[in-house]
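Working through the structure, step by step
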Amino acid sequence: MATPLTASSLLTALRREGCTVVQVGNWRTHNRNHRGPWGPVNGVMIHHTVTSGSRRTVELCRNGYPGLPGPLCHGVITKDGRVHLIGHGRTNHAGLGDDDVLRAVIAERRTPPPNERNTDGNRRFYGFECENLGDGRDPWPAAQLEAIERVAAAVCRRHRWNEWSVIGHREWTHHKIDPVGFTMDAMRARIRKRLT
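Below you will find a few notes about this structure. Residue positions are given per chain, counting from 1 as you read along its sequence in written order. Given that the model is predicted, a residue must reach a pLDDT of at least 70 before its local features are reported, and side-chain atom pairs must reach 80 or more before they are shown or counted; all residues, however, enter totals for whole chains, interfaces and linings. With hydrogens and water stripped out, all remaining heavy atoms of the structure feed into the side-chain values.

Bringing the overall build of the chain into the picture now. Strands are runs of DSSP state E lasting at least two residues, helices are runs of H or I lasting at least four, and both sets are numbered from the N terminus onward. Regarding its fold elements, the chain presents 7 helices and 10 strands. What the globule rule says is 2.2 Å times the number of residues to the power 0.38, and the radius of gyration is computed from C-alpha atoms. A globule of 196 residues ought to have a C-alpha radius of gyration of about 16 Å, and the chain, at 15 Å, matches this closely. C-alpha extents for the chain along the principal axes are approximately 35 × 35 × 35 Å. Buried means the residue's accessible area, taken with a 1.4 Å probe over protein chains only, is under 20% of the maximum for its type, while exposed means over 50%, and partly exposed covers the values in between. Burial analysis of the chain (196 residues in total) assigns 56% to the buried set. Should any heavy atoms of two residues lie within 4.5 Å, those residues are counted as being in contact. Long-range pairs, those at least 24 residues apart, make up 72% of the contacts in the chain between residues at least 6 apart in sequence. A total accessible area of about 8,700 Å² is found for the chain, and carbon and sulfur atoms account for 48% of it. The positive count covers Lys and Arg only, the negative count covers Asp and Glu only, and His and the chain ends enter neither. A charged residue contributes its charge at one atom only: NZ of Lys, CZ of Arg, CG of Asp or CD of Glu. Taken as two groups, the 29 positive and 19 negative side-chain charges of the chain have centres that lie 6 Å from each other. Here the Shrake-Rupley method, with its probe set to 1.4 Å, supplies the accessible areas, and only the displayed protein chains count as covering residues.

Spelled out as structure tokens, the structure:
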């Protein structure tokens, strides 16, 4: 468990890891903290957006939509590999998930298949949405995959976590399928290599 990084510390960590960062509006104070606490944090969660078009994707994730107000993550990773910071604090990205998964993330080991929705993930995870239709056909450009790797490694390095602190949304709850188009095991292997 860890105290969430400050906005400035997160920005510095991403830049030191070589991320190309775009700061969007009042991202440092844009959050859902009035709905509950953020932290302690235990890991990083990766999502796909089911959208296309970088500008539209960033706007949707920043503002949300009827029934799910924004921000919907901390950062949006677009196909060109840029990381758009849109929120800091509690965000609407993870929802409810499995406490057994959380225990595995805390222990930094492989997670079991999720079968419950009894734990608040918005409190416990940094969330990064990745621009992709999520249909298994929309490509994942090399620049985008590298950005996902760098973002996750930056947060893990700052908290002294290993690659098992990074999960996909589908590994948190059986109600989600994202990300589709690459495996989290392959991404974790990339993160492990970068961290070592």
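Let us now look at the layout of surface pockets. The method works on a 1 Å grid over the protein atoms by themselves. A cavity is a set of points holding a 1.4 Å probe that cannot get out, a pocket is an open set with protein on both sides within 12 Å along at least five of seven lines, and residues with an atom within 4 Å of a point line them. Grid points are joined across faces, edges and corners, and a volume is the space filled by probe spheres set on the points. Reported here for the largest pocket is a volume of approximately 510 Å³. Around the largest pocket, the lining comprises 24 residues; the ones closest to its centre are Y65, L68, H93, H169 and K176. Of all the secondary structure elements, the ones that give two or more residues to the lining of the largest pocket are β2 (43–48) and α2 (54–63). Per-class residue counts for the lining of the largest pocket are 9 nonpolar, 10 polar and 5 charged. The residue classification treats Ala, Val, Leu, Ile, Met, Phe, Trp, Tyr, Cys and Pro as nonpolar and Asp, Glu, Lys and Arg as charged. All others, Gly included, are polar.

The term nonpolar core refers to a set of buried residues drawn from Ala, Val, Leu, Ile, Met, Phe, Trp, Tyr and Cys, joined through side-chain atoms within 4.5 Å. Ranked by size, the top nonpolar core spans 36 residues in total, and within it L14, I46, Y126 and I148 carry the most contacts. Secondary structure elements with two or more residues in this core: α1 (7–16), β2, β6 (82–85), β9 (125–130), α5 (142–159) and α7 (184–195). Counting residues per element, this core draws most heavily on α5, at 9 residues. Setting aside residues no more than four positions away along its own chain, I148 makes contact with I46, I77, C130, W140, F182 and M187.

Bringing the sheet that holds strand β1 (residues 20–23) into the picture now. Spatial ordering of the open sheet is given by β1-β6-β5-β9-β2-β10, a layout of 6 strands whose pairing is mixed. In this open sheet, the two strands that pair with only one neighbour each are β1 and β10 (166–168). Taking the axes of each pair of neighbouring strands and ignoring which way they run, one obtains an average angle of 25° across the sheet. Strand pairing follows a simple DSSP-based rule, namely that at least 2 bridges must link the two strands. Note that β2 and β10 share 3 bridges and pair parallel. Looking across to β10, one finds that I46 is bridged to G168. Fitted lines through C-alpha atoms give the axes, limited to the stretch in contact for helices. The angle between two N-to-C directions lies from 0 to 180 degrees.

A separate point is the state of the cysteines. Any pair of cysteine sulfurs within 2.5 Å is marked as a disulfide. Under the counting rule described, the total for this entry stands at 0 disulfides. Here C73 is not disulfide-linked; the sulfur of C61 is the nearest cysteine sulfur, at 4.5 Å. On the basis of relative accessible area, C73 is assigned to the buried category, the value being 0%. Between C156, a cysteine without a disulfide, and C19, which holds the nearest cysteine sulfur, the sulfur-to-sulfur distance is 12 Å. Judged by its relative accessible area of 0%, C156 is buried.

Right, let's talk about helix α3 (residues 99–107) for a bit. For α3, the complete set of buried residues consists of V101, L102, A104 and V105. In an axial view of α3, the angular spread of the buried residues amounts to 160°, which keeps them on one side of the axis. Of the surrounding elements, those touching the buried residues of α3 are β2, β8 (119–120), α4 (121–124), β9, β10 and α6 (169–172). At the N-terminal end of α3, a side-chain oxygen is found 2.7 Å from the backbone nitrogen of D100, two or three residues along, and the residue is D98. Looking one or two residues beyond α3, the residue adopting positive phi is E108, at roughly 55°. Our arc is simply the arc of the directions from the helix axis toward the C-beta atoms. Any pair of nitrogen or oxygen atoms within 3.5 Å is treated as a polar contact; in protein, a donor-acceptor pairing is required on top of that, and neighbouring residues in sequence qualify only through side-chain atoms on both sides.

Before going further, it helps to spend a moment on the side chain of T91. For T91, the location among the structural elements is in the loop between β6 and β7 (96–97). In contact with T91, not counting residues within four places along its chain, are R32, P71, L72, C73, H74 and N122.

Remember, this is a structural readout, not a statement about activity or role.
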